[in-house]
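Residues per chain, in single letters:
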Amino acid sequence: MDFMKADNLRVFESLCHFFRPCFIQPPLERGKPMPGNTSLFIAQEFSGSGLSPAEMFLPVSKCCDFKGREKQTVVSDLDGTLLRSSSSFPYFMLLAFEAGSPLRALLLLLMCPIVGLLYYFISEAAGIQLMIFIALAGLKAEDVTTVGRAVLPKFYLEDLHPISYKVFVSCGKRYIVTANPRIMVEPFLKEYLAVDHVLGTELQVIKGYCTGLVTEAGVLVGFRKLKAVKEFFKEKKPDLGLGDRPTDYPFMSICKEAYVVPYQKNIGALPREEYLKPLIFHDGRLAIRPTPLVSLGIFLWFPIGLALAVTRNLVGLCLPYWLALPVGSFLGVRIRVRGIPPPVQITDEKTSTLYVCSHRTLLDPVFLTVALRRPVTAVTYSISCVTEAVSPIKTVRLTRNRIKDGEIMKKLLSQGDLAVCPEGTTCREPYLLRFSPLFAEITDNIIPVAMNVTVNMFHGTTARGLKSLDPIFFLMNPFPRYDIVFLERLPREMTCSGGKSSVEVANHVQQLLADALGFQCTNLKRRDKYMMLAGNEGIVPEARNLLNVMTT
């Protein structure tokens, strides 16, 4: 029995160590004890004013003077202040799903009621600590940072509060103090909001792996934020403070000027054109913000969507084109075709058509084939063996050797129509990457095809995950949609035979497709995308085994 008591004692000590940073507060200054809780601190701080803390701070909507703040310093909270939502659960869910696994994300969802109970009724810090432990324990710190750089920015940008954001970016020096882990939010804040420094919760990391615990400084909530701000700024006071809840009032009270961001249920999102930096690349499978209810819907849909994806794929593989279109529509796949597809012609090298497409998913050539109702060969720079095996159309890999690829494409054109995506990789946002001019040197018989997709649950592309699952995830969406626009055949004067260079032809086609889709042209390349999202150039070595092929 003694050994059982010893085991119970060790478990109790472990739990005390886990929650110690949430309840036991360090002193603010040497020789000066910190109040036992934030409410007591607030009561002492504002006791002589005759006003409540909420009345001491004006709402952020009253801050109308955005000019002349270029030399000022702003310190702001994140959730509920710069972001419209005050809950960080969706972002921990994204971390659990993208950096961890669906099972880890499911565990976080199941623990959501306990997290809420801790957060709202016991201790805000304890609730955040539990989310950190479930979502991050055992993950590589590098993976957490990568997800913070490649996945979270899209959701953070869509959640920006339009009023507090304008106040924040009007200041020249910007600082964030947040209860979220620093390595989770820092990539987005520095890249897209030009934040100078992030004061966030520091995680314990051992040999590159997160333990799920935080350092002795604890979760930055309440007066811990005040302590962090004072330690960073020393004797200097920030010019402007922004917060949204009582636990932000302590650090706001030392700012020269402070505003509170009240909760507004129906406030709109910040327009894309007002972003400091445009969002062009992002990664991750989830296409919607995973709140608790949305996350529950995703997990309930998952087995249904998987069965539906297999069925939809079999329809494309087994049925003729004229029948696949209505059956696919019955199964929820929407295809909208505009323009007039060219009629069937006698095939030879001079009359075969080269379809130059914008690139949204690996299924672009498949849906082009369905729209044309006749087979079209597709060339691609990288495709997994699994995708190649189940593809309903012929696919041919290019080598990234300009001479060899030109010969391959000429040979394929002599056998029939050919589809190519000159961007070399997909882009989810309304931008077109730089077009490779190789296609313009192959033939003058070119038809631009503008393609776009709409998904409502999962993205059918990835830079970090298994590319072999891209078609499955796209077809798992309840109502995936493809928009296909056939443009006019290029006139001879706009081809290489008409005196244009291949680069001029490529740029012209890129602009035609951008105008048709309402997109914007860029000079970014495949390498730029993969360096940002995956930290590599996106090139797969030629000598590789099957496992390596499936994980590129």
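Remember, predicted model here, so these are calculated numbers, not experimental data.

A word on a nonpolar patch on the surface
Part 1: Together, Leu-306, Val-310, Leu-314, Leu-317, Val-386 and Val-390 make up an exposed nonpolar region whose accessible area comes to about 440 Å².
Part 2: Secondary-structure elements contributing two or more residues to the nonpolar patch are helix 15 (292-318) and helix 18 (385-390).
Part 3: It is helix 15 that contributes the most residues to the nonpolar patch, four residues altogether.
Part 4: When you line up the elements, Val-390 lands in helix 18.
Part 5: Judged by its relative accessible area of 37%, Val-390 is partly exposed.

What about the pairing of strand 15 (residues 446-454)?
Part 1: Burial of strand 15 is extensive: seven of the nine residues sit out of reach of the surface.
Part 2: As paired strands, strand 10 (residues 354-357) and strand 15 are joined by four bridges and run parallel to one another. Paired with Cys-357 across the two strands is Val-449, which belongs to strand 15.
Part 3: Of the pairings in the sheet, the one linking strand 15 to strand 16 (residues 481-486) comprises six bridges and is antiparallel in character. In the sheet register, Asn-452 faces strand 16, and the bridge partner there is Asp-483.

Remarks on the packing of helix 6 (residues 102-110) against helix 15
Part 1: Across the interface, helix 6 lies against helix 15 with an axial gap of 10 Å and an inter-helix angle of 135°. Considering their axes alone, helix 6 and helix 15 lie oblique with respect to each other. Considering only the axes of helix 6 and helix 15, their crossing is left-handed. In this structure, helix 6 uses Pro-102, Ala-105, Leu-106 and Leu-109 to contact helix 15, whose residues at the interface are Pro-292, Ser-295, Leu-296 and Phe-299.

Considerations on the pairing of strand 6 (residues 209-214)
Part 1: Both strand 5 (residues 203-206) and strand 6 contribute to a ladder of three bridges, which runs antiparallel. Residue pairing across strands places Ile-206 opposite Tyr-209, the latter belonging to strand 6.

Remarks on the sheet that holds strand 11 (residues 377-380)
Part 1: Taken together, seven strands build an open sheet; the order of strands is 9-16-15-10-13-11-12 and the sheet is mixed. Because the sheet does not close on itself, it has two edges, and the strands there are strand 9 (334-338) and strand 12 (395-397). Strand-to-strand twist across the sheet, computed as the mean angle between neighbouring axes with direction ignored, equals 25°.
Part 2: Two strands pair when backbone bridges link them, and strand 11 and strand 12 are joined in this way by three bridges, in the parallel orientation. Within strand 12, the position partnered with Thr-380 by the bridge is Arg-397.
Part 3: Across the sheet, helix 19 (residues 402-413) is in contact with strand 10, strand 11, strand 12 and strand 13 (418-420); its angle to strand 13 comes to roughly 145°.

Brief notes about the packing of helix 7 (residues 112-122) against helix 8 (residues 124-136)
Part 1: Contact pair helix 7 / helix 8: the axes reach a minimum separation of 6 Å and the direction vectors enclose 160°. Relative to helix 8, helix 7 is oriented roughly antiparallel. Listed contacts from helix 8 to Ile-114, Val-115, Leu-118, Tyr-119 and Ile-122 of helix 7 are Glu-124, Ala-126, Gly-127, Ile-128, Leu-130 and Met-131.
Part 2: Here the contact of helix 7 with helix 8 is built from residues that sort into nine nonpolar, one polar and one charged.

Structural notes on the sheet that holds strand 2 (residues 73-76)
Part 1: As summarised here, the arrangement of the six strands in space is 1-8-7-2-3-4, forming an open sheet in which the pairing is parallel. The open sheet is flanked by strand 1 (58-59) and strand 4 (197-201), the only strands paired with a single partner.
Part 2: On the sheet, helix 12 (residues 182-192) packs against strand 3 (173-181) and strand 4 and is oriented at approximately 150° with respect to strand 3.
Part 3: Across the sheet, helix 13 (residues 223-233) touches strand 2, strand 3 and strand 4, and the angle it forms with strand 3 is around 145°.

Basis of the calculations
- Residues numbered from 1 in each chain as written.
- Predicted model: local features only at pLDDT ≥ 70, side-chain atom pairs only at ≥ 80, totals over all residues.
- Heavy atoms only, no water.
- Patch = residues over 30% accessible without salt bridge, like charges linked within 9 Å, V, L, I, M, F, W, Y side chains within 5 Å.
- Areas by Shrake-Rupley, 256 points an atom, 1.4 Å probe, with all protein chains shown as cover.
- Salt bridge = Lys/Arg side-chain N within 4 Å of Asp/Glu carboxyl O.
- Helix = DSSP H or I, 4+ residues; strand = E, 2+ residues; numbered from the N terminus.
- Buried < 20%, exposed > 50% of the residue type's maximum accessible area, 1.4 Å probe, protein only.
- Pairing = 2+ DSSP bridges.
- Axes fitted to C-alpha atoms, helices over the stretch in contact; angles between N-to-C directions.
- Parallel < 35°, antiparallel > 145°, perpendicular 65-115°, else oblique.
- Left-handed = near helix turned anticlockwise from the far one by under 90°.
- Contact = heavy atoms within 4.5 Å.
- Nonpolar A, V, L, I, M, F, W, Y, C, P; charged D, E, K, R; others polar.

By themselves, these observations are geometric and do not establish any function.
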